[in-house]
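Inside the fold
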Amino acid sequence: MKAIRWWGLGAFVAIVGGIVALWVSFADTLVRWGVESTGTSMVGARVELEAADVGFSPARLELRGLAVTNPDEPMRNALEAERLAFDIDWIGLLLDRVHIDEVSVEGLQFGTERETSGAVMATERTVEESGLLDKARERAEIPPLEVPSVETVLGREDLRSPELIEEARASLEKRRTALEERLADLPGEEELERYRQQIDEATEGDDAASRLKGLRQLRDLVDDIDDDRKALRRARDEVKESLAAAGDTASEARRAPQADIERLYRKYTDPGAVAGELAYYLLGPKVEQWVNQGWYWYGRLSPYLGGGGADTEAASGPETVPAARRVGRNVLYPEAGEEPRVLVRQVRVSGAAGGGDLDGRVTDIAVPPNLWGEPLRLNLAGQSVSGIDRLQVDGSMDRRDPASSISRLDLTANGTDVAGLALGPEDGILADRGQADFQVAGTIRDRALDLDVTSAIRDAAFSAGSGADSILQEVAAALGNAGRLNIGANVGGTIDAPEFELTSSLTGILEPLLRSRLQAEAGEFREGLVAAVKDRTGGSLEELEASSAKLNSLEQELEGRLEGFRKVLDRARKPLD
């Protein structure tokens, strides 16, 4: 007891006690600040928490009033939760390990309005950079709804025929050069003249000995002439094959101007084609926004749900250098099985949500995921949730194998209120009322995409602003009279090169509106288009025909050589007969 310095022990106890007292006093505030700052970093928009309650006996954490801003709409929350609660493993936290058996979530709501903007400085930049699709933005210009002038069309559109014709002409010239070099190596007029002289010399003798010698010479000549003739035949067959291929190339180039005419004529005068462009203009940006928003949340939350892979942290961390060891015995200890750094066995969602009920769960959230035997699974079902009559969500994320991953989603939202739905890049048409059924089925396998979105809007009423184009006023009225609008979209390809395809019944609704606008001027437009395209391609076609004629002349030259060798061969064989 004399060895104990009581004043030192008292100071230590006082310091530790003070730290514990400060933690107990300010733990709720620190946790609240940590949730808000970490959540804002994860989402890319403001995350707010009304209160946090840290319990010590038993160890438990309760979060109340969680609001997560929608980065695409900073005046609206993507998600609200009245209460989240779970037990805390303090020993695990000290070992840098977060293991939670169950998280209870109550009072979820989606798409609620905010009183103040939840945008942060990086929100807009983050959303734009994380978008998967941009094809609709590239075409965010209303298509011509009247037949434009030919000059306007050719100033806007690129003709494909001049390039095709030039490529075909260059191909024919290349073939002609190769064939000319081939013909230069084949027997020609010089060889024919030499054979004629040798035949004359072999048949000049008058006595029997001379004639016998001449017959032996003729036999050798016949073999030589026949070999040259066979070589010419093989070359002729090769030339015919090359000419056939060249003919196909030339024929395709000759058809190119007419193909350009038909393509442009249909694009600017066919009611169905123009209606398709207008439908894409109105619906494409909205569907693309839905896809991009889902992709944004997938990309934002994936690293925190085991999406970073098992080796991501190790690969990006500092390089480790093995410590130097002295020579000694190697002692092997039994290895304990590795466990995920973060493991949430179950998130249970229950209770009232957005005026209705939402129940379900998320299971097996593990980071890294390859250290846990089960994939992440999501299952939610609700009624009358945030303007949706019936909601069903089933999904999974399987990244247990670091070399391969697959994520699946099946979502059904029936009876969704679409009042306020805006169509067009500049929200030119608004839905005043309507109910929609949505279905989303998607798979992401490694970097390959397969996502299908289908929706049907019924009992809808649309309106256009007073300053909107007259055609948009007509479109709004037609949509209200249609009774039902079907929209479908498919996203395929890969994450690096996605492919976007949009289909809808809006094309059929718009076609009658555009027919009278377009067909009155279609005939005059076609005549002008034919004249303009021919004027741009006429000279190139003449050069193509000249190259084709030169190429065909090589076949005639080869046939002439073959005929000459046939006659010489017949002449050499005649004395032998």
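Above this text you will find the structure in question.
Notes on the structure in this doc start here. (Residues numbered from 1 in each chain as written. Predicted model: local features only at pLDDT ≥ 70, side-chain atom pairs only at ≥ 80, totals over all residues. Heavy atoms only, no water.)

1. Brief notes about the environment of Arg216
Our working rule: The helix and strand labels rest on DSSP assignments: H or I over at least four residues marks a helix, E over at least two residues marks a strand, and numbering proceeds from the N terminus. Here's how the labels work: a residue is buried when its accessible area is under 20% of the maximum for its type, exposed when over 50%, partly exposed in between, all with a 1.4 Å probe on protein chains only.
In this fold, Arg216 is placed in helix α8 (residues 208-269). Look at Arg216 and you get partly exposed, because its relative accessible area is 46%. Taking the C-alpha atoms as reference, Arg216 lies 9.3 Å from Leu576; in sequence the two are 360 residues apart.

2. Some details on the pattern of salt bridges
Quick note on the threshold: Within this document, salt bridges are pairs made up of a side-chain nitrogen of Lys or Arg and a carboxyl oxygen of Asp or Glu, the two lying within 4 Å of each other.
Per the counting criterion, the structure on display carries 34 salt bridges. One salt bridge in this structure joins Arg32 and Glu36, with 3.7 Å as the shortest N-O distance. Taken together, the residues Arg32 and Glu36, both in helix α1 (residues 6-43) and four residues apart, mark about one turn of the helix. Taking the relative accessible area as the measure of exposure, Arg32 reaches 37% and is therefore partly exposed. Among the ionic pairs, Arg566 bridges to Glu563, the shortest N-O distance being 2.4 Å.

3. Observations regarding the packing of helix α6 (residues 161-184) against α8
Operational definition: For helices, the axis comes from a line fit to the C-alpha atoms of the stretch in contact; other axes are also lines fit to C-alpha atoms, and the angle between any two N-to-C directions lies between 0 and 180 degrees. Angle categories are assigned with fixed cut-offs, so that under 35 degrees is roughly parallel, over 145 is roughly antiparallel, 65 to 115 is roughly perpendicular, and the rest are oblique. For any pair of crossing helices, the crossing counts as left-handed if the nearer helix is rotated counterclockwise from the farther one by less than a right angle, and right-handed if it is rotated clockwise. Two residues qualify as a contact provided that any one of their heavy atoms is within 4.5 Å of a heavy atom in the partner residue. The nonpolar class holds Ala, Val, Leu, Ile, Met, Phe, Trp, Tyr, Cys and Pro. Asp, Glu, Lys and Arg form the charged class, and all remaining residues, Gly among them, are polar.
Between α6 and α8, whose axes approach to 8 Å, the crossing angle comes to 170°. Regarding the angle of α6 to α8, the classification is roughly antiparallel. Considering only the axes of α6 and α8, their crossing is left-handed. Note on element contacts: α8 touches α6 through Ala235, Glu238, Val239, Ser242, Ala245, Ala246, Thr249, Ala250, Ala253, Ala256, Pro257 and Asp260, opposite Ser161, Pro162, Leu164, Ile165, Ala168, Ser171, Leu172, Arg175, Leu179 and Arg182. When its residues are assigned to classes, the contact of α6 with α8 shows 14 nonpolar, four polar and four charged.

4. Overview of the packing of α8 against helix α9 (residues 271-301)
The geometry of α8 relative to α9 is characterised by a closest axis approach of 5 Å and an angle of 65° between their N-to-C directions. With respect to each other, α8 and α9 are oriented roughly perpendicular. Residues Arg266, Lys267, Tyr268 and Thr269 of α8 pack against Pro271, Ala273 and Val274 of α9. In the contact of α8 with α9, the residues fall into four nonpolar, one polar and two charged.

5. Re unusual backbone geometry
Of note, the bond from Val367 into Pro368 is cis; its omega dihedral lies within 30 degrees of zero at -5°. Tracing the chain through its elements places Pro368 in the loop between β9 (356-367) and β10 (376-385). Phi at Ser384 takes a positive value of approximately 55°, unusual for a residue other than glycine. Along the chain, the position of Ser384 falls in strand β10. In this structure, Asp446 takes a positive phi of about 60° despite not being glycine. Looking at where Asp446 falls in the secondary structure, it is placed in the loop between β14 (429-445) and β15 (448-464).

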